[in-house]
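# Descriptive analysis of the structure
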Amino acid sequence: MTYLKKFSFITILLLIGVGGINWFIDPFGMYWSPTISNINKVKPEASNRVRISKPYRVEHVKPDVLLMGNSRVEMGLSPYHPAFEGKKVYNLGLAGATLHSQIDHIYHAINTSPNLETIVFGLDFFDFLVTPTGNETNATKTSYGHRIFSAEGFKHAKKRYTERLALVYSVDALISSLFTMSQQNSVVDSIGPFGLNSAQSYINIVKSEGKKPLFKQKLGFVKEKLSQKPWQLTSNEGTPISPKFEKLLELINVVQSKKITLHLFINPYHYSYLHAIDQQGYFELYLQWKATLANVVRDHQSQYITLWDFSGFNQYTLEPEKLMQPHQAMQWYWEPAHYNVELGNILISSIFSGSSSDFGQRLDNQALAPNLNTEIQALKNSVHHWHQLREQLQLIVIQ
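Now for a quick tour of the structure. Only a predicted model underlies this, so the values are computations on that prediction, with no experimental measurement involved. (Residues numbered from 1 in each chain as written. Predicted model: local features only at pLDDT ≥ 70, side-chain atom pairs only at ≥ 80, totals over all residues. Heavy atoms only, no water.)

What follows concerns the overall build of the chain. Per the secondary structure count, the chain includes 15 helices and 8 strands. For the chain, the C-alpha radius of gyration of 23 Å lies close to 21 Å, the compact-globule estimate for 399 residues. The C-alpha extent of the chain, read off along each of the three principal axes, is 85 × 50 × 45 Å. For the chain, buried positions account for 54% of its 399 residues. Computing the positive centroid from 37 side-chain charges and the negative centroid from 32, the chain places the two 7 Å apart. (Helix = DSSP H or I, 4+ residues; strand = E, 2+ residues; numbered from the N terminus. Rg over C-alpha atoms; globule rule 2.2 N^0.38 Å. Buried < 20%, exposed > 50% of the residue type's maximum accessible area, 1.4 Å probe, protein only. Lys, Arg positive; Asp, Glu negative; His and termini not counted. Charge placed at Lys NZ, Arg CZ, Asp CG, Glu CD.)

Quick look at the structure:
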């Protein structure tokens, strides 16, 4: 009996100790217990667990304004922008998430945030591509459905409880806590309490390896992705639009019914990214994608829906790479695919001021045709810079 009492006492002490350490260090950014510089303020492990932590975290924040999209939004849109003063804002951006997953997570935020009034949703060309016979379904929802559809029964509730408990009571959490404490003075990616990814790993790469590897990797991704399959915007199964656009239409109808403002925007790609798309023969499809988006919004026009285009050729997207100064970071971009918070702040200012004089354009019926013609001409005008960049990168690989 004495042995059992001692065993139980020690076990309880261990559970309290491990749970207390993991709760305080909070390596995955779940609980946001008090943060102390040099102890638990930087959370490098959190950026690897956002698909677990963010759905639970948004339930706690209950934002007035939601920022959503893939990694471009996660790293580029700050919830601390002055336009959001007095509002609770959460960046639910999920790196690598499909369009279906992004929209399902928006529904989760709508269902758990009673005061949600505005959604800023970054759209990406690659997220809308389908193959002639392949359609994305909600099959992948099985990997995250328990996190975002908690009202669907005991099975999901049990899975949620088990998953959240493991973030505090597990060897993995304890190891992550120790790693977190050891990385406080390192330049690493970290997730803030309102979902923004600090993207500091780019600084390390630029300092140690320079910008060339980043450009080669991202432009090489475009080639690899677009050369894999015959991509298109609609399937060959008789439907006028693909499941991707159907999912977006579903979201538009939901936010309109709930009187939530939805600001859709096309991410600002660096000009080299657009040339890489053109190099693979998909620039015309990219323009068709923009036109289809504009038509979808036009057909469902209301005071609650806007579509902004930041993807064209302008003073920001045409930023010189300056590869001859390889360790000097760019002003607006980390690499061709990801813009930084400084450019994201200008983007947010354009949307919330309603002014497109400096950066961005409302993509409505009147603006669509001039916009597409301007892009075609701007692509031609920047060919010289594109060839120079390819020579500097020795990018035979993207021919």
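Turning to the sheet that holds strand β1 (residues 65-68), a few remarks are in order. Strand order across the open sheet formed by 6 strands is β2-β1-β3-β4-β5-β8, with mixed pairing between neighbours. Both outer strands of the open sheet, β2 (89-91) and β8 (361-362), are each paired with one neighbouring strand and no more. Examined bridge by bridge, strand β5 (residues 305-309) and β8 share 2 bridges and lie antiparallel to one another. By the bridge assignment for β8, aspartate 309 is matched with glutamine 361. The strands that helix α4 (residues 99-112) touches are β1 and β3 (118-123); relative to β3, the one it contacts most, it runs at about 175°. (Pairing = 2+ DSSP bridges. Contact = heavy atoms within 4.5 Å. Axes fitted to C-alpha atoms, helices over the stretch in contact; angles between N-to-C directions.)

Next up on the list: a nonpolar patch on the surface. A surface patch of nonpolar side chains, about 430 Å² in accessible area, is lined by Phe9, Ile10, Leu13 and Leu14. Its place among the elements puts phenylalanine 9 in helix α1 (residues 2-25). For phenylalanine 9, a relative accessible area of 54% translates into the label exposed. (Patch = residues over 30% accessible without salt bridge, like charges linked within 9 Å, V, L, I, M, F, W, Y side chains within 5 Å. Areas by Shrake-Rupley, 256 points an atom, 1.4 Å probe, with all protein chains shown as cover. Salt bridge = Lys/Arg side-chain N within 4 Å of Asp/Glu carboxyl O.)

Glancing now at helix α7 (residues 171-182). With 12 residues, α7 ought to run about 16 Å at 1.5 Å a step, and its terminal C-alpha atoms sit 17 Å apart, in line with that. Inspection of α7 places Ala173, Ser176, Ser177 and Thr180 among the buried residues, and these make up the whole buried set. Viewed end-on, α7 has its buried residues packed into an arc of 105°, placing them on one side of the element. Exposed residues pointing more than 90 degrees away from the buried face of α7 are listed as Val171 and Ile175. Among the structural elements, α1 and α6 (154-166) are those in contact with the buried residues of α7. (Expected span 1.5 Å × (residues − 1). Arc of directions from axis to C-beta.)

Applying the stated criterion across every chain yields a total of 12 salt bridges. The residue arginine 147 makes a salt bridge to glutamate 163 at a minimum N-O spacing of 2.8 Å. You can see arginine 147 sitting in helix α5 (residues 145-148) and its partner glutamate 163 sitting in helix α6, a full 16 residues away along the chain. For arginine 147, a relative accessible area of 9% corresponds to the buried category. Accessibility expressed as a relative area gives 17% for glutamate 163, which makes it buried. Linking lysine 290 and glutamate 375 is a salt bridge whose minimum nitrogen-to-oxygen distance equals 2.1 Å. Placement of the pair is lysine 290 in helix α12 (residues 283-299) and glutamate 375 in helix α14 (residues 365-381), with a sequence separation of 85 residues.

Here the focus is the pairing of β5. With respect to burial, β5 is a largely interior element, 5 of its 5 residues being buried. On β5, burial covers both faces: Ile305, Leu307 and Asp309 on one face and Thr306 and Trp308 on the other are all buried.

Right, let's talk about the packing of helix α2 (residues 50-61) against α6 for a bit. Closest axis-to-axis distance for the α2/α6 pair is 11 Å, and the angle between their directions is 105°. Taken together, the axis directions place α2 and α6 in an arrangement best described as roughly perpendicular. Here Ile52, Tyr56 and Glu59 of α2 come into contact with α6, specifically with Arg160, Glu163 and Arg164. (Parallel < 35°, antiparallel > 145°, perpendicular 65-115°, else oblique.)

Bringing the nonpolar core into the picture now. Counting 93 residues, the largest nonpolar core has Ile119, Phe121, Phe265, Ile277 and Trp289 as its most contacted members. Sort the elements by how many residues they give to this core and α12 lands first, with 10 residues. Apart from residues no more than four positions distant in its own chain, isoleucine 277 is found in contact with Phe125, Phe126, Val222, Leu226, Tyr282, Phe283 and Tyr286. (Core = buried A, V, L, I, M, F, W, Y, C linked by side-chain atoms within 4.5 Å.)

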